[in-house]
Amino acid sequence: MSERINIGNNAFILPEPQTILGTMLDGRPNFMAMAWVTRVNYDPCIMAMAVNKKHASHRAILETGQYSINLPSVDMVAETDYAGLASGNRTDKSGLFEVHFGELENAPLIRACPLAMEFRLKEQFHMTNDTLFIGELVAAWTEERFLTDGHVDVEKARPFTLTMPDNRYWAVGVQVGRAWHEGKALRKSPTD
Ligand SMILES: Cc1cc2nc3c(=O)[nH]c(=O)nc-3n(C[C@H](O)[C@H](O)[C@H](O)COP(=O)(O)O)c2cc1C
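This structure is a prediction, so every number in the text was calculated from the model and none was measured. (Residues numbered from 1 in each chain as written. Predicted model: local features only at pLDDT ≥ 70, side-chain atom pairs only at ≥ 80, totals over all residues. Heavy atoms only, no water.)

### A look at the UniProt feature "domain: Flavin reductase like" (unreviewed entry) in the chain
Put simply, the test is: UniProt positions are given in the numbering used here, feature names are shortened, and annotations may be inferred rather than shown by experiment. Secondary structure elements are taken from DSSP: a helix is a run of H or I of four residues or more, a strand is a run of E of two residues or more, and numbering for both begins at the N terminus.
Feature annotation in UniProt places "domain: Flavin reductase like" (unreviewed entry) on residues 11-162, given in this structure's numbering. As a span, residues 11-162 carries 14% helix and 45% strand, and end to end its C-alpha atoms are 14 Å apart.

What follows is the structure, encoded as structure tokens:
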């Protein structure tokens, strides 16, 4: 058997979903690359995300209590990365993407993203560097061309992912199975 190695603080869940956080900063849209995000409740749809306290987006969320989470496609890698390099504290990023608004006035939705979701802030937990923001989905916006059977289709939306700490972007690869299905072959009885 191979020796197991402790990699300490270099631990990440691989890969991470790559999104763009949208906020209204001093009345203008601001965008931030964001990978530390996940759904944490089924109904209603609640998502959690970690945002560093120094980021302009952090202040914008606290001031408005609203934000958007946008899923970019592989042809938006450069714009997404730029939103993760430049800070709204020094740079006006409002022209980076065309936006539209849904139900909320402080959740700018990126029109070019196959999926754009608007949230109302529910809870916040402050940690050492980051705040865990927990928000409830108000509405999710897409287009017919990204759907299959009414659901956003990965092959049509073409999202991308991030690996850290090597800091590389990856397209989503080949399908390797069906969830809640492949494990059935290992059942010892029908009720197992
Ligand atoms: C690929 C990538 C992913 C990132 N993910 C996060 C994240 O999940 N949370 C976070 O606080 N910062 C994250 N960042 C850093 C911010 O996007 C970056 O510091 C940005 O400039 C902050 O912008 P703002 O000051 O306008 O809010 C990420 C950066 C990159 C390049």
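### Focus: the packing of aromatic side chains
Note the cut-off: Whether two aromatic rings pair depends on their centres lying within 6.5 Å, for rings of Phe, Tyr and Trp, where Trp uses its six-membered ring; planes under 30 degrees apart make the pair stacked, over 60 edge-to-face, and the rest tilted. Buried residues are those whose accessible area, probed at 1.4 Å on protein chains only, stays under 20% of the maximum for their type, while exposed residues exceed 50% and partly exposed ones sit between those limits.
This structure, assessed with the given rule, holds 4 aromatic pairs. Taken together, a centroid distance of 6.4 Å and an interplanar angle of 45° make the contact between F12 and W36 tilted. Note that F12 is positioned in the segment before strand 1 (16-17) and W36 in the loop between strand 3 (28-34) and strand 4 (37-41), a separation of 24 residues in sequence. The partly exposed category is assigned to F12, whose relative accessible area is 25%. Under the relative-accessibility criterion, W36 is labelled partly exposed at 41%.

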